[in-house]
Amino acid sequence: MTPTVTIEQMRELAGRPFPGGTFTIERWENALLCDAMASERLPDGLAHPAYLFHAPLAGVGLKYGDIFELCHAESDEAIRAGEYVWEVHEPLRVGHTYRMSGSFIDVVRKEGRRAGLMDIVRFRIDVHDQADDALVAAVVNSWIFLRST
Amino acid sequence: MDVSVGQRLPEWKLDSVSAERMRLLAAILRDPNPIHWDPDEVAKRGLGHRVINQGPTNLGYITNMLMDWAGPSCLRHLEARFTSNVFEGESVVATGVVTAVRMQNGERVVDCDVWLDRGDGSRAVDARATVAVSA
């Protein structure tokens, strides 16, 4: 039995740009995010760096579910977090609006000894401060999609 | 700030991971995955009877540890892999070790191996970080 999505279909994602857009770090949301991270609020208007998980994706106009659909996830049990890489040039700040742009980088299909067939999908999102267009951060994430065979 | 290769970073500890905080983050992220807020769904998946902490939070604990040590704007680079789940009620400890001290873009930075361990000693997150430190 072969998986419902072919590697050729998955590789068509490589280079595909995300819609793009902006994300504003609101004071109230930063307060709640700090609480969720078991952290005190940071001084000097700094936002918690955990924003780098969801703000880039939200800013390019995608929800988790959109990525799962684009990557032909078979179920929410067939998705695993891969690697997360953050480059931070400037800390994120409360009240700032960030412009996000990004795209899928590549897709690699592998056979794991225990997990079986899987597609590893990498994407990159650049985070620019809208005020001066400076690149403040870049994230490269990989997610793993298990394939039934 | 005195820093040397091999130096152990101060531990950041949480005695009990909170289900309420998981629900809060699920709402912020608009993450519909029920393993973070519905113990029955966790059980259906054969993962026990306690809800599972979000990966972002586990890495967030590591950033808390780094910020407590080197300051709230210290983070320059972080790369992480999630190696096991953290469940409601578990204790966790984030710490690390310095692997290099060097200059980068005109500032003094420290490379570290960092990690988050569960109360039973198993590793939940394996990561490498670069942080800026005062001269």
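Please refer to the structure higher up on the page.
Residues numbered from 1 in each chain as written. Chains lettered and ligands numbered in written order. Predicted model: local features only at pLDDT ≥ 70, side-chain atom pairs only at ≥ 80, totals over all residues.

Caption draft 1: Looking closely at the overall build of chain A. Helix and strand counts for chain A stand at four helices and five strands. When the helices and strands of chain A are placed in sequence order, the string is α-β-α-α-α-β-β-β-β. For chain A, the spread of C-alpha atoms along the three principal axes comes to 55 × 30 × 20 Å. Evaluated residue by residue, chain A yields a buried proportion of 35% over its 149 residues. Across chain A, contacts joining residues at least 24 apart in sequence account for 73% of those joining residues at least 6 apart. (Helix = DSSP H or I, 4+ residues; strand = E, 2+ residues; numbered from the N terminus. Buried ≥ 20, exposed ≤ 12 C-beta atoms within 10 Å, placed from the backbone. Contact = placed C-beta atoms within 7 Å.)

Caption draft 2: The arrangement of the overall build of chain B in detail. A count of helical and extended segments in chain B gives three helices and five strands. Counting from the amino terminus, chain B carries its helices and strands in the arrangement β-α-α-α-β-β-β-β. C-alpha extents for chain B along the principal axes are approximately 50 × 30 × 20 Å. Sequence-distant contacts, at least 24 apart, represent 64% of the contacts inside chain B between residues at least 6 apart.

Caption draft 3: Region of interest: the interface of chain A and chain B. Every contact between the two is made by 28 residues of chain A and, on the other side, 29 residues of chain B. In terms of residue count, strand β2 (residues 79-88) of chain A provides more of the side of chain A that touches chain B than any other element does, seven residues in total. Grouping the constituent residues of the side of chain A that touches chain B by class yields 18 nonpolar, three polar and seven charged. With five bridges joining them, β2 of chain A and strand β2 (residues 75-82) of chain B adopt antiparallel strand pairing. Counterpart to Trp-86 of chain A in the pairing with β2 of chain B is Leu-78 of chain B. (Nonpolar A, V, L, I, M, F, W, Y, C, P; charged D, E, K, R; others polar. Pairing = 2+ DSSP bridges.)

Caption draft 4: The arrangement of helix α3 (residues 51-59) of chain A in detail. All names here are of chain A. For α3, the buried fraction is high: eight of the nine residues fall into the buried class. Taken together, the buried positions of α3 are occupied by Tyr-51, Leu-52, Phe-53, His-54, Ala-55, Pro-56, Leu-57 and Gly-59. Where α3 ends, the next residue or the one after it, Gly-61, has phi of about 90°, a positive value.

Caption draft 5: Here's a closer look at the sheet that holds β2 of chain B. Taken in spatial order, the ten strands line up as β1(A)-β3(A)-β4(A)-β5(A)-β2(A)-β2(B)-β5(B)-β4(B)-β3(B)-β1(B) in an open sheet, and their pairing is antiparallel. At either end of the open sheet lies a strand with only one pairing partner, and these are β1 (21-24) of chain A together with β1 (12-14) of chain B. Within this sheet the neighbouring strands show an average axis-to-axis angle of 20°, counted without direction. Contacts between helix α3 (residues 55-70) of chain B and the sheet are confined to β2 of chain A together with β1, β2, β3 (92-104), β4 (107-118) and β5 (123-132) of chain B, with β5 of chain B contributing the most and set at about 40° to the helix. (Axes fitted to C-alpha atoms, helices over the stretch in contact; angles between N-to-C directions.)

Caption draft 6: Spatial organisation of the pairing of β3 of chain B. Residue and element names in this part refer to chain B. Two elements, β1 and β3, share three bridges in a ladder whose sense is antiparallel. Residue pairing in the sheet places Leu-14 in a bridge with Val-92 of β3. For β3 and β4, the ladder comprises twelve bridges, and the chain directions are antiparallel. By the bridge assignment, Val-97 is partnered in β4 with Asp-113.

Caption draft 7: Structural context of the packing of helix α2 (residues 27-36) of chain A against helix α1 (residues 19-29) of chain B. Packing of α2 of chain A against α1 of chain B brings their axes to within 9 Å, and their N-to-C directions diverge by 140°. When the axes of α2 of chain A and α1 of chain B are compared, the pair comes out oblique. When you trace α2 of chain A past α1 of chain B, the crossing you get is left-handed. On the side of α2 of chain A, the interface is formed by Glu-29, Leu-32, Leu-33, Asp-35 and Ala-36 of chain A, while α1 of chain B contributes Arg-21, Leu-24, Leu-25 and Ile-28 of chain B. Residues of the contact of α2 of chain A with α1 of chain B, tallied by class, amount to six nonpolar, no polar and three charged. (Parallel < 35°, antiparallel > 145°, perpendicular 65-115°, else oblique. Left-handed = near helix turned anticlockwise from the far one by under 90°.)

Caption draft 8: Highlighting the nonpolar core. Counting residues in hydrophobic clusters, the biggest one holds 78 residues, and the most contacted among them are Ile-62, Leu-66, Val-125, Ala-127 and Val-131 of chain B. The element best represented in this core is α3 of chain B, accounting for eight residues. (Core = buried A, V, L, I, M, F, W, Y, C linked by C-beta atoms within 7 Å.)

Caption draft 9: Quick look at unusual backbone geometry. Even without a glycine there, the phi angle at His-72 of chain A is positive, about 55°. Backbone geometry places Arg-30 of chain B, a non-glycine residue, at a positive phi of 50°. Note that Arg-30 of chain B resides in the loop between α1 and α2 (39-44). On the basis of neighbour counts, which here come to 11 C-beta atoms within 10 Å, the residue Arg-30 of chain B falls in the exposed class.

Caption draft 10: Structural detail: the environment of Ala-137 of chain A. All names here are of chain A. Inspection of the secondary structure puts Ala-137 in strand β5 (residues 135-146). A count of 24 C-beta atoms within 10 Å places Ala-137 in the buried class. If sequence neighbours within four positions are ignored, Ala-137 has contacts with Leu-52, Trp-86, Glu-87, Val-88, His-89 and Val-127.

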